[in-house]
Amino acid sequence: MSDLPAPIPTELARLRHSIDNIDAALVYLLAERFKATQQVGVLKAERGLPPSDPGREEQQVARLRELAHQADLDPVFAEKFLAFIVEEVIRHHEEIAQDHAGQRAQQT
């Protein structure tokens, strides 16, 4: 009896490789998204705008749910995923606003 694991079927290895590539693409896409939202946070802080924009968020949820439906992805999952991202973006925007306010206070 051998303690060696059974070889991974070729199809399973191919699918796992595809999943790994998709995961990498998601990470890079999220990084790009957060770079853009950081710039939005700076612009909002400079202009005294609030960190969150409920109207925009509502539009994005509706848009993402429709995209999910078109892509045969569970819209509830897509909405939860977006909510997680938006929560993190708002947190970043709040930090940027605080930093910006602190810098203005030091300048006066």
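Just so it is clear, the structure is predicted and the values come from calculations on it, not from any experiment.

What counts and what doesn't
Residues numbered from 1 in each chain as written. Predicted model: local features only at pLDDT ≥ 70, side-chain atom pairs only at ≥ 80, totals over all residues. Heavy atoms only, no water. Salt bridge = Lys/Arg side-chain N within 4 Å of Asp/Glu carboxyl O. Helix = DSSP H or I, 4+ residues; strand = E, 2+ residues; numbered from the N terminus. Buried < 20%, exposed > 50% of the residue type's maximum accessible area, 1.4 Å probe, protein only. Axes fitted to C-alpha atoms, helices over the stretch in contact; angles between N-to-C directions. Left-handed = near helix turned anticlockwise from the far one by under 90°. Contact = heavy atoms within 4.5 Å. Nonpolar A, V, L, I, M, F, W, Y, C, P; charged D, E, K, R; others polar. pLDDT = per-residue confidence, 0-100.

S.K.: What is the right way to read the pattern of salt bridges from this model?
M.R.: Any two side chains of opposite charge can pair if their charged atoms end up close together. The full count for this structure, using the stated rule, is six salt bridges. In this structure, Lys35 and Glu32 form a salt bridge, with 3.1 Å as the shortest nitrogen-oxygen distance. Placement of both Lys35 and Glu32 in helix 1 (residues 10-47) is noted, with a separation of three residues, approximately one turn of the helix. The class of Glu32 is partly exposed, set by a relative accessible area of 47%. Across the pair Glu46 and Arg47 runs a salt bridge whose closest N-O atoms are separated by 3.6 Å. Owing to a relative accessible area of 47%, Glu46 belongs among the partly exposed residues under this scheme. Given the relative accessible area of 56%, Arg47 is considered exposed. Salt bridges sharing partners connect three or more residues here, namely Glu88, Arg91 and Glu95.

S.K.: Even after reading the chapter, I still don't get the packing of helix 2 (residues 54-70) against helix 3 (residues 75-107), so can you show me in this structure?
M.R.: When two helices pack together, you describe them by how their axes are tilted relative to each other and by the distance separating the axes. Packing of helix 2 against helix 3 brings their axes to within 9 Å, and their N-to-C directions diverge by 145°. In this structure, the crossing between helix 2 and helix 3 has a hand that is right-handed. Residues Glu57, Gln60, Val61, Leu64, Arg65, Ala68 and His69 of helix 2 lie in contact with helix 3, whose contacting residues are Pro75, Val76, Ala78, Glu79, Leu82, Val86 and Ile90. For the contact of helix 2 with helix 3, a count of residues per class yields nine nonpolar, two polar and three charged.

S.K.: Where do I start with the confidence of the model for the chain in this structure?
M.R.: As a note on interpretation, predicted positions should not be read in detail where pLDDT is low. In this model, the chain carries a mean pLDDT of 93, and residues with pLDDT of at least 70 account for 98%. Ranking the elements of the chain by mean pLDDT puts helix 3 last with 91 and helix 1 first with 97.

S.K.: Sorry if this is basic, but what is going on with the environment of Val89 here?
M.R.: If you trace the backbone, Val89 turns up in helix 3. Accessibility expressed as a relative area gives 9% for Val89, which makes it buried. Between the C-alpha atoms of Val89 and Ser18, which are 71 residues apart in sequence, the distance is 29 Å. The contacts of Val89, once residues within four sequence positions are left out, are Arg33, Phe34 and Thr37.

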